[in-house]
Amino acid sequence: YGMNGDIDIESFDAGAFIQALSSEAPMEVRCVIEMPEEGIIERAVKKPNAAVVASTFCQARGIPFMYVKTGSLRRAYDMNPERSMTEECRIRYPEHELRGMPQEQEAAASALLLARYARRYL
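Rules used throughout
- In every chain, residue numbers begin from 1 and rise along the written sequence.
- With pLDDT at 70 or above as the cut-off, local features in this predicted model cover only qualifying residues; side-chain atom pairs require 80 or more to be listed or tallied, and sums for whole chains, interfaces and linings still use all residues.
- Computation of side-chain values: all heavy atoms of the structure, hydrogens and water removed.
- Take a side-chain nitrogen of Lys or Arg and a carboxyl oxygen of Asp or Glu: if they are within 4 Å of each other, that pair is a salt bridge.
- A 1.4 Å probe rolled over the protein chains alone gives each residue an accessible area, and that area as a share of the maximum for its type sets the label: buried under 20%, exposed over 50%, partly exposed in between.
- Going along the chain from the N terminus, every DSSP run of H or I of four or more residues is numbered as a helix, and every run of E of two or more is numbered as a strand.
- Here, two residues are considered to be in contact whenever any of their heavy atoms come within 4.5 Å of each other.

*Asks:* Summarise the pattern of salt bridges; cite the residues concerned and give the values.
*Replies:* Where charged atoms from two side chains of opposite charge come close, those side chains can pair. Evaluation of the coordinates by the stated rule reveals four salt bridges. With its nearest N and O atoms 3.3 Å apart, the salt bridge here joins E88 to R83. In this structure R83 comes out as partly exposed when scored by relative accessible area, which is 29%. Where E95 meets R116, a salt bridge forms, and the shortest distance between an N and an O atom there is 3.5 Å. Of the two residues, E95 is situated in the loop between α4 (85-92) and α5 (102-121) and R116 in helix α5; the sequence distance between them amounts to 21 residues. Take E95: its relative accessible area is 54%, and that puts it in the exposed class. Connected through shared salt-bridge partners, R83, E88 and R92 make up one network.

Here it is in structure tokens:
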């Protein structure tokens, strides 16, 4: 929240995302969307891709946004290629506790680094 506020990491829920950003002034919000490495692929049989939902909403409301791939995130932080996102996050931001199973911790670490990236570049 803001440039110096807390960072809240949650699993993506399209309804909650839209509700949270609908009440904000479009120019007061910045949205950084993690782009899947294979790009955005839409399939009719699967649920909507989170990146597509977020970008469509941001475009409709005039909210500035950018896509960031994991590789770009790693380069921006000059990360050691042998370290996982979780390890890198624990070294850089020890005040944030990563909970859950290893996959959940990795996703939370990636989200945290993405949020910090957004504060720096957007």
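We are not done yet, so read on.
*Asks:* Which residues make up the side chain of Q105, and what values go with them?
*Replies:* Tracing the sequence through the fold places Q105 in helix α5. Residue classification places Q105 among the buried positions, given a relative accessible area of 16%. Ignoring anything within four residues of it in the chain, the contact list for Q105 reads T86, R90, L98, R99 and G100.

*Asks:* Can you tell me about the environment of A54, naming the residues and giving the values?
*Replies:* With respect to the helices and strands, A54 occurs in helix α2 (residues 50-61). The spacing of A54 and F17 is 37 residues in sequence and 7.8 Å in space, taken between C-alpha atoms.

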